[in-house]
Structure formats: C-alpha cells, structure tokens
Amino acid sequence: MITYENLHDTLSFYSIDCRQSYYISSGNPIFDFPEMPFRMDYYALCICTAGDINIEIDNHKYQVDAHSFLVAAPSTIVRFLETSRDFKMKLLFFDKNFLIKNISDPFIIEKMNLFPNGSYSLVKTNEKNSALLQNLLDYLKKKSRKQGKFTEDIVRTIIFNLLLETADIMETEHDSLADKEESKKDIFLKFSQLIRENIRKDRTVQFYADQLFVSSKYLIEVIKKSSGRTPHQVIDEALLKEAYMMLGSPDLMISEIAFELQFNSASAFGRFFKKHTSISPSEYRNRENIQV
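*Asks:* Even after reading the chapter, I still don't get the packing of aromatic side chains, so can you show me in this structure?
*Replies:* One pair of aromatic rings is described through two measures. These are the centre distance and the angle between the planes. Counting across every chain of the model gives 13 aromatic pairs. Ring geometry for Tyr 62 versus Tyr 120: centroids 6.1 Å apart, planes at 75°, classification edge-to-face. Of this pair, Tyr 62 sits in strand 6 (residues 60-65) while Tyr 120 sits in strand 10 (residues 120-124); the two residues are 58 residues apart in sequence, bridging distant segments of the chain. Stacked on the ring of Phe 98, the Lys or Arg Arg 156 has its end atom at 4.5 Å from the ring centre. Cation over ring: Arg 203 sits above Phe 263, and NZ or CZ is 4.0 Å from the ring centre.

Structure, rendered in structure tokens:
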C-alpha cells in the first residue's frame, strides 16, 4: 500500500506541483489513477459531477455516480477500481493545521459530525445540493488564485462554509432517510391491520395497495424489507390462521369455510390448506377430533 504523507506527494502523481496546504481541482476528466491503495494524510471533499466510478474505501466497495460526494478524514484508505469514460469530479484537499490556524477549538471539524461511522462518509444527494457544493468549490478556486493579504483567511472561510454546508446536507439526507423508514414502518403496520380486518373479504395484494394509496410494487418492496416476506406470504399466513380457527368450529362445513374465505370451491380451499400444512382440511379435523 502506498502512503501519501502530504498533498505534494499525492498530487505529484498527476504532475501537479502544489506547495500549498490546500488544493482545488479543475473538474476536468481524469483518466489515470494510482493502481495501488493509498492512505490519505489530509482531509478531502470529492463530488462526482458526471459518469460513475467504482471505488474501494477502507476495504468497502462502492459505485459512486453523479450528485454523490465523499468527505474523508486523514487515515482513510482509498483505491480506485474503474471509471466510466465520462467520469468527472471536483475535489478539495486541505490540511487540518492550515484550516484551524488561529482557531481556539482544535476539534471544530469533528464537531460537524461529518464522519459518524468512521473516517469517511459517502452521500448520495440531489442535483440542487450538488450544485451548491460545486459552486462553492468554484468560488474557492477563484479566490485562491488571488495572492492578496487576506487570501489565506478568505480560503479558510470558504472551506469552513463548504464543510458546514456539507454537514447540513448530510443531516438533511439522514432526516429524510429516517422519515422514509418511519413511513415504511407505518405502511407495514397499517397493512397488517388491514389484513386482520379484511382477510375474509379480499386476499389480493392490489386490494391492500389501493387501501394504502401505494402501488403494489412499492407495497411488495416495503413489506419484504420490513418482514422478510412478500405481501402474498403475509396474506396467506393470515388466511391460514382464519382457516384453522374456522375448522375448529364443528358448526361449519368445509364448503362453507371455503365460501367465507373467498375460495371458488372446497377443492381450491383444500389445495391451499394442504400446500401450507401438508394435510387436507378433513384430515386436520380428524387429527384434532373435531366432529361435524
């Protein structure tokens, strides 16, 4: 594994002679990458602006496409695997000591919660958020070219702004994801309730999807993720429980039970019951000594 100890070493791979404590890319297409994994010794913000890239970060593989960004801390291990021909990205490298110069709190970056799960975060966002970060990077590059008395202070301010905007996007995306997960949980609970109330009336997935105002495809996705089963399987389980309960009543004929459970014949009900229990409804009654 290669270890790039500073920005100069890293950028030298691309024949870029950078003697500063930060670097902002042009956003032009990149065709060559280090073949070996390398450990970064700086902070990085990389935004995919076009195409896609397969990348390995700390031994985890990802496919990154447009409007996704990576924010990484020192010690992150990166390996570039494959890129599409139209791949483009904009990036910022900077040294922490440069950024926190004249800052009393040495943990100010950590407090932004940019790395809740380790040394990096990979976030898929929308076109608007991606454009916001790209515009800030463009502004940063423009300001960094001017060699004035306050250039370094201006650059620090813009980088802080970038990191804060990044943290804000990450928090919004996290809240949005949490809301979606809560919504899916709510759909599963309502689906279960609807089945209990309507299992004798209707056992089609489309019926329950209509009641929940979602497509059957989305309902299948939600129920499978929430329970590990398909809606059909959940419905069949509820139907089987009803069948057990009704077969336990000696006052009901098997043909009546089939009719109550919306089967078109006693034989159709028998096939359903045997498929799930390996015995017929009449064999179940005999086994349980239920006399009709």
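*Asks:* What is the right way to read the nonpolar core from this model?
*Replies:* Generally speaking, a soluble globular protein has its nonpolar side chains buried in company with each other. Ranked by size, the top nonpolar core spans 33 residues in total, and within it Phe 191, Leu 219 and Phe 269 carry the most contacts. Every element with two or more residues in this core is listed here: helix 4 (151-198), helix 5 (205-212), helix 6 (216-227), helix 7 (231-247), helix 8 (254-260) and helix 9 (266-277). Ranked by residue count, the leading element in this core is helix 7, at eight residues. Non-local contacts of Phe 191, meaning those with residues more than four positions away in its chain, are made with Tyr 208, Leu 212, Leu 219, Ile 223, Pro 231, Val 234 and Ile 235. The next biggest cluster of nonpolar side chains, apart from the first, holds 30 residues, and it includes Ala 73, Val 123, Leu 133 and Ala 167.

*Asks:* Help me understand the pairing of strand 6, please; the structure alone is not making it clear to me.
*Replies:* In regular strands, side chains alternate between the two faces of the sheet. Here six bridges tie strand 5 (residues 52-57) to strand 6, and the two strands are oriented antiparallel to one another. When the sheet's bridge partners are listed, Asp 52 is paired in strand 6 with Asp 65. Here strand 5 folds back onto strand 6, and the loop between the two strands holds two residues, one of which, Asp 58, carries a positive phi near 45°.

*Asks:* Got a minute to help me understand the pattern of salt bridges in this structure?
*Replies:* Note that side chains of opposite charge can pair when their charged atoms are close. Summed over the entire model, instances satisfying the criterion amount to nine salt bridges. Across the pair Glu 110 and Lys 96 runs a salt bridge, and its minimum N-O distance is 3.0 Å. Taken together, the residues Glu 110 in the loop between helix 2 (96-99) and strand 10 and Lys 96 in helix 2 connect sequence positions 14 residues apart. What makes Glu 110 partly exposed here is its relative accessible area of 40%. Between Glu 152 and Arg 156 there is a salt bridge, with the nearest N and O atoms lying 3.4 Å from each other. Here Glu 152 and its partner Arg 156 are both found in helix 4, four residues apart, which amounts to about one turn of the helix. On the basis of relative accessibility, which here comes to 41%, the residue Glu 152 falls in the partly exposed class. Shared partners join several salt bridges into a network, and the residues in it are Glu 152, Asp 153 and Arg 156.

*Asks:* Where do I start with the sheet that holds strand 9 (residues 88-94) in this structure?
*Replies:* One key point about sheets: their strands pair by backbone hydrogen bonds, in either a parallel or an antiparallel sense. Strand order in the open sheet formed by five strands is 2-9-4-7-10, with antiparallel pairing between adjacent strands. Edge positions in the open sheet fall to strand 2 (22-24) and strand 10, since each of these has one partner strand only. Pairs of neighbouring strands in the sheet enclose a mean axial angle of 10°, with direction left out of account.

*Asks:* Would you take a moment to explain the pairing of strand 4 (residues 43-50) for this structure?
*Replies:* The buried fraction of strand 4 is high, at six of eight residues. As paired elements, strand 4 and strand 9 share seven bridges and run antiparallel to each other. Directly across from Tyr 43, in strand 9, lies its bridge partner Phe 94.

*Asks:* Where do I start with the packing of helix 7 against helix 9 in this structure?
*Replies:* When two helices pack together, their arrangement is given by the angle between the helix axes and by the axis-to-axis distance. Following both chains from N to C, one finds helix 7 and helix 9 inclined at 105°, their axes separated by 11 Å at the closest point. In this view, helix 7 runs roughly perpendicular relative to helix 9, as classed from their interaxial angle. Contacts between helix 7 and helix 9 involve Asp 236, Leu 239, Leu 240, Ala 243, Tyr 244 and Leu 247 on the former and, on the latter, Phe 269, Phe 272, Phe 273, His 276 and Thr 277. Along the lines of polarity and charge, the residues of the contact of helix 7 with helix 9 split into eight nonpolar, two polar and one charged.

*Asks:* Help me understand helix 3 (residues 127-144) in this model?
*Replies:* Because each turn of an α-helix spans 3.6 residues, side chains separated by three or four positions in sequence point in the same direction. An ideal rise of 1.5 Å per residue puts 26 Å on 18 residues; helix 3 measures up with 25 Å between its terminal C-alpha atoms. For helix 3, the complete set of buried residues consists of Asn 129, Ser 130, Leu 133, Gln 134, Leu 136, Leu 137, Leu 140 and Ser 144. For helix 3, the angular spread of the buried residues around the axis is 155°, confining them to a single face. Counted as exposed and oriented over 90 degrees from the buried face of helix 3: Glu 127, Lys 128, Asn 135 and Lys 142.

*Asks:* It is not clear to me how the environment of Glu 256 should be interpreted in this structure. Could you clarify?
*Replies:* Mapped onto the fold, Glu 256 is located in helix 8. Put simply, Glu 256 and Met 246 are 10 residues apart on the chain and 9.6 Å apart in space, counted from C-alpha to C-alpha. A polar contact of 2.7 Å, which involves the side chain of Glu 256, links it to the backbone nitrogen of Met 253.

Rules behind the numbers
Throughout, a residue's number is its position along its own chain's written sequence, starting from 1. Residues qualify for local features only when their pLDDT is at least 70, as the model is predicted, and side-chain atom pairs are given and counted only at 80 or more; totals for whole chains, interfaces and linings, by contrast, use all residues. Computation of side-chain values: all heavy atoms of the structure, hydrogens and water removed. Stacked, tilted and edge-to-face are the three classes assigned to paired rings of Phe, Tyr and Trp, where Trp is represented by its six-membered ring and a pair needs centres within 6.5 Å; plane angles under 30 degrees give stacked, over 60 edge-to-face, the rest tilted. Put simply, DSSP marks the helices as runs of H or I at least four residues long and the strands as runs of E at least two long, and each gets a number from the N terminus on. A ring has a charge above it when a Lys NZ or an Arg CZ is no more than 6 Å from the ring centre and no more than 35 degrees off the ring normal. Among the buried residues, those of types Ala, Val, Leu, Ile, Met, Phe, Trp, Tyr and Cys that are joined through side-chain atoms within 4.5 Å form a nonpolar core. When accessible area is computed with a 1.4 Å probe and restricted to protein chains, residues below 20% of their type maximum are described as buried, those above 50% as exposed, and intermediate ones as partly exposed. Residue contacts are counted whenever heavy atoms from the two residues lie within 4.5 Å of one another. A pair of strands counts as paired when DSSP detects no fewer than two bridges linking them. Each salt bridge in this description consists of a side-chain nitrogen of Lys or Arg and a carboxyl oxygen of Asp or Glu lying within 4 Å of one another. All axes here are fitted lines through C-alpha atoms, helices being fitted over the stretch that makes contact, and every angle between N-to-C directions spans 0 to 180 degrees. Any angle from 65 to 115 degrees is called roughly perpendicular, while one under 35 is roughly parallel, one over 145 is roughly antiparallel, and all others are oblique. Three classes are used, and their members are as follows: Ala, Val, Leu, Ile, Met, Phe, Trp, Tyr, Cys and Pro are nonpolar, Asp, Glu, Lys and Arg are charged, and the others, Gly among them, are polar. How far a helix is expected to stretch is found by multiplying one less than its residue total by 1.5 Å. Note that the arc is computed from the directions linking the helix axis to the C-beta atoms. Polar contacts, as used here, are pairs of N or O atoms within 3.5 Å; protein pairs need one atom able to donate a hydrogen and one able to accept it. Residues neighboring in sequence count only if both atoms are side-chain atoms.

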